[in-house]
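# Breakdown of the fold
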Amino acid sequence: MGRFTRRRSIFEEKDALRDDYEPDSLEARDEELDAYTDALQPVVDGWQPNNIFLYGKTGVGKTAATEYLLSELEADCRQYDDVDLSIVHVNCNTLNSSYQIAVHLVNELRDPGRQISTTGYPEATVFDMLYDELESIGGTVLIVLDEIDNIGTDDDILYELPRARSNGYLESVKPGLIGISNNFAFRDQLSPKVKDTLCEEELHFSPYDAGELRQILRSRAELAIRDDALDQDVIPLCAAIAAQDTGSARQAITLLLRAGELAGNDDAEAIAESHVRTARNVIETERVQEGMRQLTVHGHLVLLAVTAHATRDETPVRMRDLYPLYRRYCDHLAVDPITKRSVHDHLGDLTMQSVLERHERNAGARGNYYEYALEVPMTAALDALEDVGSFDDIVADLRHRAPQS
DNA sequence: CATCCACTGGAAGATATGGCGA
DNA sequence: TCGCCATATCTTCCAGTGGATG
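Read on for an overview of the structure.

Scoring rules and cut-offs
Every chain's residues receive numbers from 1 upward, in the order its sequence appears when written. For this description, chains carry letters from A and ligands carry numbers from 1, given in the order in which they are written. Per-residue local features of the predicted model are confined to residues with pLDDT of at least 70, and side-chain atom pairs are confined, for both listing and counting, to 80 or more; whole-chain, interface and lining totals are unaffected and use all residues. No hydrogens and no water enter the side-chain calculation; it runs on all heavy atoms of the structure. Labels follow the DSSP assignment, with helices taken as runs of H or I lasting at least four residues and strands as runs of E lasting at least two, numbered in each case from the N terminus. Expected helix span is given by 1.5 Å per residue-to-residue step, counting one fewer step than there are residues. Here the term buried applies to any residue with accessible area under 20% of the maximum for its type, exposed to any over 50%, and partly exposed to those in between, with areas from a 1.4 Å probe on protein chains only. The contact definition used throughout considers only heavy atoms, calling two residues in contact when any of these lie within 4.5 Å. Throughout this description, a polar contact denotes any pair of N or O atoms lying within 3.5 Å of each other; where both atoms belong to protein, one of them has to be capable of donating a hydrogen while the other can accept it, and for residues adjacent in sequence the pair is counted only when both atoms sit in side chains. If a single non-hydrogen atom of a residue is within 4 Å of a molecule or strand, that residue counts as near it. Residue polarity follows a fixed list, in which Ala, Val, Leu, Ile, Met, Phe, Trp, Tyr, Cys and Pro are nonpolar, Asp, Glu, Lys and Arg are charged, and the others, Gly among them, are polar. Note on aromatic contacts: the rings of Phe and Tyr and the six-membered ring of Trp form a pair at centre separations within 6.5 Å, being stacked when their planes are under 30 degrees apart, edge-to-face when over 60 apart, and tilted otherwise. Placement of a positive charge over a ring is assigned whenever Lys NZ or Arg CZ falls within 6 Å of the ring centre and within 35 degrees of the normal to the ring plane. For this analysis, a nonpolar core means a set of buried residues of the types Ala, Val, Leu, Ile, Met, Phe, Trp, Tyr and Cys, connected via side-chain atoms within 4.5 Å. Axes, fitted as lines to C-alpha atoms, cover a helix only where it is in contact. Angles between the N-to-C directions of the axes lie from 0 to 180 degrees. Left-handed describes a crossing in which the near helix is turned anticlockwise from the far one by less than a right angle; the clockwise case is right-handed. We define a salt bridge as a contact between a side-chain nitrogen of Lys or Arg and a carboxyl oxygen of Asp or Glu at a distance within 4 Å. Residues enter patches when they are more than 30% accessible in relative terms and free of salt bridges; like-charged ones are connected within 9 Å and nonpolar ones (Val, Leu, Ile, Met, Phe, Trp, Tyr) within 5 Å. Accessible surface is estimated by sampling points in the Shrake-Rupley manner with a 1.4 Å probe; for residues, cover comes only from the protein chains shown. Positive charge is attributed to Lys and Arg, negative charge to Asp and Glu, and no charge count is given to His or to the chain ends. Charge positions are represented by NZ for Lys, CZ for Arg, CG for Asp and CD for Glu.

### Overview of helix H10 (residues 249-265)
Taking 1.5 Å of rise per residue, the 17 residues of H10 would be expected to cover 24 Å, and the 24 Å separating its terminal C-alpha atoms lies within 8% of that figure. Those residues of H10 that sit buried are Ala-249, Ala-252, Ile-253, Leu-255, Leu-256, Leu-257, Ala-259, Gly-260, Ala-263 and Gly-264. On its buried side, H10 packs onto helix H8 (210-224), helix H9 (234-245) and helix H11 (273-293). Where H10 begins, the capping side chain belongs to Ser-248, and its oxygen is found 3.1 Å from the backbone nitrogen of Arg-250. Count one or two residues on from H10 and you reach Asp-267, which has phi positive near 65°.

Next up, the structure:
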């Protein structure tokens, strides 16, 4: 008997559950689509486009609605000779300045042979290049800036682009900005001069409720999953978990996908509730490990120091106790230590990523301070630290020390 | 009820890295 | 090669915080 045997797959068309899948229709967003359509109307009429801002948490259909509507808009514009529409889409995920966004817009518009690097030019030069590229396209250009809240307070580009025409930098182009933000508060941190122009049209996408998520999941599952491979309670459970957690369709769908994979590994006939619950933990751990992998050397050393305290049952720790251990590890690895103040920043970062938890303590005349502890399972922290590879011996030592395991 | 401790958090500046055009 | 430019990371400096203590 061979090691491998063919098994009946849970999935029919797994791609329909992946992040990049574009469904033919958008479930449960009728009102939003109507409002969005109205906001885009000037494009078809040949006017200067509105600037549009979309707000709403991740996974509530902002990007999906944009892609869906813009492709329809492109198709519909083709029947009017006097409307020449182009669309540029940039995800600002890793871009945290106006400069970076401008560079990426230029590269998006230029052909592969003429790409520019992400540093080195004066800011004004990059803007000039951007205007040149826009001019050479002509017509109406919709610029979609996804996850725009990443740029924080540096909103120059949001000020410049809408005004480029009236300032004489653009002649034959009618530019329109579509900004997509995950963060509702972003709107308020924009400088006032930007807020005026940019928020001409504001569209709010609210989180999906459990009923809407069930609707979405059913339509996807119909394509993705074999007819009899789904226990009855699975979709309601995925929907309920996601609705309570974030209201995100992406979360609900990923949950279903992972549950299906787990069911497959189990050789199960169908996805069951238990697979969903396990999938939830798997996703959580993956998220944390991914976050920890992105840290710098000192980030790792700081986490190592906290983890070491945790193995000795000495968490929560305060700075005063943590810093000396951090220094010892630096010595051991012949790394130049950074100051307390910088360690403090790393602790803040780790807290932001939900890797550490932090509590304020107050000892009155003996000062107030923060205490830190791991917010993830110790094994997850050790696994992630081991992945780094530069201090295997220390991690191995900590594993011994750690309770149970 | 003022004081005071032990940091915290903001800001500005230093340093290093990598890239630009001339 | 040199003088600029942008960015990431760290350092230096320092005012501000807030509840237990006397």
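Back to the text.
### Remarks on the environment of Leu-130
Its location among the elements puts Leu-130 in helix H4 (residues 123-137). Take Leu-130: its relative accessible area is 1%, and that puts it in the buried class. Spatially, the C-alpha atom of Leu-130 lies 7.0 Å from that of Leu-105, the residues being 25 residues apart in sequence. Those residues in contact with Leu-130 that lie beyond four places of it in its chain are Leu-105, Val-106, Leu-109 and Leu-161.

### A look at the protein's contact with DNA strand B
Among the 17 residues in the neighbourhood of DNA strand B, the closest are listed as Arg-318, Arg-341, Ala-365, Arg-366 and Tyr-370. Close to the protein, within 4 Å, the atoms of DNA strand B belong to sugar or phosphate groups at a rate of 69%. Arg-318 places a polar side-chain atom, nitrogen or oxygen, 2.7 Å from a phosphate oxygen of DNA strand B. Top element by residues in the surface near DNA strand B is strand E8 (residues 368-374). It accounts for three residues. Among the residues forming the surface near DNA strand B, the class breakdown is five nonpolar, seven polar and five charged.

### Comments concerning the packing of aromatic side chains
A complete count under the given rule lists six aromatic pairs for this structure. Each ring, one from Tyr-131 and one from Tyr-169, has its centre 5.1 Å from the other, and the planes form 5°; the classification is stacked. Of this pair, Tyr-131 sits in helix H4 while Tyr-169 sits in the loop between helix H5 (156-163) and strand E4 (173-181); the two residues are 38 residues apart in sequence, bridging distant segments of the chain. It is Arg-318 that lies over the ring of Tyr-369; its NZ or CZ is 3.6 Å from the centre.

### As for the nonpolar core
Core analysis: the largest hydrophobic core is formed by 53 residues, its most contacted members being Tyr-36, Leu-40, Ile-225 and Leu-256. Once you skip the residues sitting within four places of it in the chain, Leu-256 turns out to touch Leu-17, Leu-217, Ala-221, Ile-225, Leu-230, Val-234, Cys-238 and Ile-271. Listed in part, the 37 residues of the second largest apolar core include Met-292, Tyr-329, Ala-380 and Leu-385.

### Here's the deal with helix H13 (residues 319-332)
Along its 14 residues, H13 runs 20 Å from first to last C-alpha, staying within 8% of the 20 Å computed at 1.5 Å per residue. Taken together, the buried positions of H13 are occupied by Met-319, Leu-322, Tyr-323, Leu-325, Tyr-326, Tyr-329 and Cys-330. For H13, the secondary structure elements touched by its buried residues are helix H12 (297-311), strand E6 (317-318), helix H14 (340-352), E8 and helix H16 (392-401). Phi for Ala-334, located one or two positions after H13, is positive at around 55°.

### With respect to the protein's contact with DNA strand C
Taken together, 22 residues form the shell around DNA strand C, and within it Ser-97, His-298, Thr-339, Ser-342 and Gly-364 come nearest. Within 4 Å of the protein, the atoms of DNA strand C are drawn from sugar and phosphate moieties in a proportion of 75%. A distance of 3.1 Å is found between a phosphate oxygen of DNA strand C and a side-chain nitrogen or oxygen belonging to His-346. Elements represented by at least two residues in the surface near DNA strand C include exactly helix H3 (98-109) and H14. Ranked by residues supplied to the surface near DNA strand C, first place goes to H14 with three residues. Looking at the surface near DNA strand C residue by residue, the class counts come to six nonpolar, 13 polar and three charged.

### Observations concerning the packing of H3 against H4
Taken N-terminus to C-terminus, the directions of H3 and H4 make an angle of 35°; their axes are 9 Å apart at the nearest point. As for how H3 packs across H4, the hand of that crossing is left-handed. Between H3, through Ser-98, Tyr-99, Ala-102, Val-103, Leu-105, Val-106 and Leu-109, and H4, the contact on the second element is made entirely by Glu-123, Val-126, Met-129, Leu-130, Glu-133, Leu-134 and Ile-137. Tallied by class, residues from the contact of H3 with H4 come to eleven nonpolar, one polar and two charged.

### A short note on the pattern of salt bridges
Summed over the entire model, instances satisfying the criterion amount to 17 salt bridges. Here Arg-187 makes a salt bridge to Glu-202, at a shortest N to O gap of 2.5 Å. Of this pair, Arg-187 sits in helix H6 (residues 186-189) while Glu-202 is found in strand E5 (residues 201-204), placing the two residues 15 residues apart along the sequence. Judged by its relative accessible area of 23%, Arg-187 falls in the partly exposed class. Residue class for Glu-202 comes out partly exposed when judged on its relative accessible area of 38%. The partner of Asp-397 in a salt bridge is Arg-401, and the shortest N-O contact between them spans 2.9 Å. On the criterion of helical spacing, the pair formed by Asp-397 and Arg-401 is a turn pair, its members being four residues apart in helix H16. The exposure class assigned to Arg-401 is partly exposed, which follows from its relative accessible area of 43%. Among the charged side chains, a salt-bridge network with shared partners connects Lys-14, Arg-258, Glu-261 and Glu-286.

### Notes on a negative patch on the surface
A grouping of Glu-12, Glu-13, Glu-222 and Asp-227 is seen on the molecular surface, where their side chains present a negatively charged patch. Accessibility expressed as a relative area gives 40% for Glu-13, which makes it partly exposed.

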